[in-house]
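The lines below spell out each chain.
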Amino acid sequence: MSEWDHVTVTDPQGPVNNGPGPQYIHYGGGPDWMIRKGIDSLRIAREDRVRLADRFARPAGYRIAADQLEKPGSVVLLEAEPGSGRRAAAIMLLHEVGEEGRVGERGARFDELPLLEKEGDPFTPSSGDRFLIDLSGMADEDHYSQELRRVTACRSGVQRAGAHMVVVLPWGMRHARSPELEPHTVRLRRPRGITVVTRHLRMERMTFRSSDLMRADLQHLCDQSPMHELARLARLVGSARDSGRFGGDFTDWLGQALHAVTDRAEEVAHQVRTVRTAPERGLLLATAMFEESRADTVHEAWLGLMRAVKHEEETTTELERTDFGEHLRKLEVERDPEGRLRFRQLAYAEAVRTYFWTNFPSMRESLRNWIGHATALRGLTTDDRVNVVVRFGEQSLAAGRPDHLFSLVVRWADNAPRGFRDPRALAGCELGLGHERFGGWFRDRIYKCATGGPLSDGLIRVLTAACLQGLSATHPDLAIVRLHHLAVRKENAALEAKKALLALVHRKRRLHRLLVNRLRVWSGREPEEAEPHLRLLTEVLGSDRTPDPPPWPDLFRGWETVFAQMPTDLWNPLVSSWLNAVADDEERKMALGVMVGAAHGRPIALHRLYSIACEWAGAGHHPSRAAVAALFWQHIDQAQFIRTEPTERAGSGSPTTEEER
């Protein structure tokens, strides 16, 4: 198995206590959870909500919002300052209204509705469903007004269905809000910062006394910093403890973490001002991007960076230059016992990366090209490569350049060895999809790829995995749309997209219905355009692709679309799968009448169904086959108003008259 395929990034998870929360990414090749900063995840799966609940501190006003949301059909709009935990509060309100068996046990939806995306299907809530709309990042009044009109429309659907919805409003745009929404609006105020820090420290399994938190620098941070910074502080305390390099008790670890949060940016700025040469600054950045990689690999990445920024090499021989170790000592970079490089100070690499992306904007394209090549260095493990991709992605998204990240996703995917999926590309794609600000941008790019011109097999594999593993957790309807378009493409890897799509809809009746309805529409187009959609529809309608218990109305409509076309070989596996299902489980015999009903009024279709049943009955010797075929023929006879003895045909195995043929 290639190193490009055996590890996949599968699980970008939710924010801690507010929108701009940290990113947790699980790498399929091992048990470790690797923590990332600055990626505002959209993921609201149950396990992520449970994790958030352990760390969540309720802001002032939360109880009022919870009481309003309790009633089925209710909608609550949250108004709060940035950094106060408003997004997390919205998620927890919806999470708690579904607990204790009220809706959680019935498979109710918990979805975030996308902004300004029109290619999905109509909004159709059901009783107990929970929906989040996050408008907090909106700054354009025209777009905000459009979204508020959509909120009003969705609110009507939520009320009729008995669902629940929470909308997070942007700060400072109260004047643009409709007066009719005011009664549903609740103002939240930030929770006590020290409470937030305490909860997070306890979840880090940290032992401490209340008096350990009575220090002025911590109190100032708790009073002023956004919730995600307080969550990050607690994680840094845990990192300081786990490293074994920053003292032996809680006071030492907290001091190091506070220093990292409050002073690190200025320390990096001072070092860059002190280090004036391009090679030394380049080594500083290369070490920050490839921290925890082996020294030889960092050295090679450093030289690649110098070429990317077009720095001319010295004309002296290498023996005359300052050796690599001396460069590292000057920059306060150390080697661990395994030969991997790291900075001496806690969280220093992160501050270095942020400094360079913030203060050298004209270098960003060169840095993108450098990362595109450097992540392929031989000395890197798959985890090393994905680490670098995530670090690069964090900075590109923070700098407002999602195109830089996506262009590398495409490049890596296109160049993947045949039959493999590049984990760098998948990591970058999932990172973008999970970003609160640019998730919509990535969803749009994937949609355009799926519906546009030719794609490489490698890119189709990456987009398929990203939709199945990431997008389906936050926006399942949009994942279905994209996988549908990928599955009907002509490239070889479209088969993987089809398998992913069928696996996704097999789990949930609503998604199965959504796909059947989409394929029915596409199957009604011109024959040449409709053919791949009709082929896919026949597979989706097979007994092994249908949720249990079978959704008979959906199957009827789907079969009706299939049987409205001229008979093809695609009908054989479809009909046979249901005959097999009835032979194995008598409770599914309703399929026989529903299938014949779907072909009612179409003699050619009914004749073809009869012929398929004859072939099926004659292909096996199990006694139940004859009985199932006889019952099927009886339904067909009734549809055609023909009266014959079904038992006479059951033994024949094939049609015997001109009309039957």
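The rules we used
- Residues numbered from 1 in each chain as written.
- Predicted model: local features only at pLDDT ≥ 70, side-chain atom pairs only at ≥ 80, totals over all residues.
- Heavy atoms only, no water.
- Buried < 20%, exposed > 50% of the residue type's maximum accessible area, 1.4 Å probe, protein only.
- Helix = DSSP H or I, 4+ residues; strand = E, 2+ residues; numbered from the N terminus.
- Pairing = 2+ DSSP bridges.
- pLDDT = per-residue confidence, 0-100.
- Contact = heavy atoms within 4.5 Å.
- Core = buried A, V, L, I, M, F, W, Y, C linked by side-chain atoms within 4.5 Å.
- Expected span 1.5 Å × (residues − 1).
- Salt bridge = Lys/Arg side-chain N within 4 Å of Asp/Glu carboxyl O.
- Axes fitted to C-alpha atoms, helices over the stretch in contact; angles between N-to-C directions.

**Q** When you look at the pairing of strand 5 (residues 130-134) in this model, what are you seeing that I'm missing?
**A** Looking down a regular strand, the side chains alternate between one sheet face and the other. Burial within strand 5 is extensive, with 5 of its 5 residues counted as buried. With burial as the criterion, each face of strand 5 is covered, one bearing R130, L132 and D134 and the other bearing F131 and I133. Pairing geometry for strand 4 (residues 110-112) and strand 5, over 3 bridges, is parallel. Residue pairing for strand 5: D111 is matched across the bridge by F131. Strand direction decides the pairing type here: strand 5 and strand 6 (residues 164-168), joined by 5 bridges, are parallel. Paired with F131 across the strands is M165, a residue of strand 6.

**Q** Just to check I follow, could you spell out the confidence of the model for the chain for this structure?
**A** The predicted structure's coordinates, where accompanied by low pLDDT, should not be read in detail. The share of residues in the chain with pLDDT of 70 or more is 86%, and the mean pLDDT across the chain is 87. Here residues 100-106 scores under 50 on pLDDT; set against residues more than four positions off or in separate chains, the count is 11 contacts. Per-residue pLDDT stays below 50 along residues 643-661; that stretch engages in 22 contacts with residues further than four places along the chain or on separate chains.

**Q** I keep staring at the nonpolar core and nothing clicks. Help me out?
**A** One broad trend across soluble globular proteins is that nonpolar side chains are buried collectively. Counting residues in hydrophobic clusters, the biggest one holds 126 residues, and the most contacted among them are F290, W370, W559, F563 and F632. Looking at this core element by element, the count peaks at 9 residues for helix 26 (residues 603-618). Ignoring anything within four residues of it in the chain, the contact list for F632 reads V575, L579, L592, M595, V596, L609 and A613. Counting residues in each nonpolar core, the second largest holds 28 residues, with I194, V197, M206 and L254 among its members.

**Q** Honestly, helix 21 (residues 509-523) in this entry has me stumped. Any pointers?
**A** The α-helix advances 3.6 residues per turn, and as a result positions three or four apart in sequence lie on the same side. The terminal C-alpha atoms of helix 21, which comprises 15 residues, lie 21 Å apart, in line with the 21 Å expected from a rise of 1.5 Å per residue. Within the span of helix 21, buried status applies to R510, L511, H512, L514, L515, V516, R518, L519, W522 and S523. Looking at the buried positions of helix 21, the neighbouring elements they touch are strand 4, helix 19 (476-487), helix 20 (494-507), helix 22 (527-540) and helix 23 (552-563).

**Q** How do you make sense of the pattern of salt bridges when you look at a structure like this?
**A** Any two side chains of opposite charge can pair, on the condition that their charged atoms come close. Enumeration according to the criterion identifies 37 salt bridges in this entry. Between E266 and R273 there is a salt bridge, with the nearest N and O atoms lying 3.1 Å from each other. Under the relative-accessibility criterion, R273 is labelled partly exposed at 45%. Salt bridges linked by common partners bring E79, R174, R177 and E182 together as one network.

**Q** Would you take a moment to explain the sheet that holds strand 7 (residues 185-187) for this structure?
**A** Taken together, 5 strands build an open sheet; the order of strands is 4-5-6-3-7 and the sheet is parallel. The open sheet is flanked by strand 4 and strand 7, the only strands paired with a single partner. Each strand axis lies, on average, 20° off the axis of its neighbour in the sheet, ignoring direction. Along the sheet face, helix 2 (residues 62-69) touches strand 3 (74-79), strand 6 and strand 7 and points at about 160° away from the line of strand 3.

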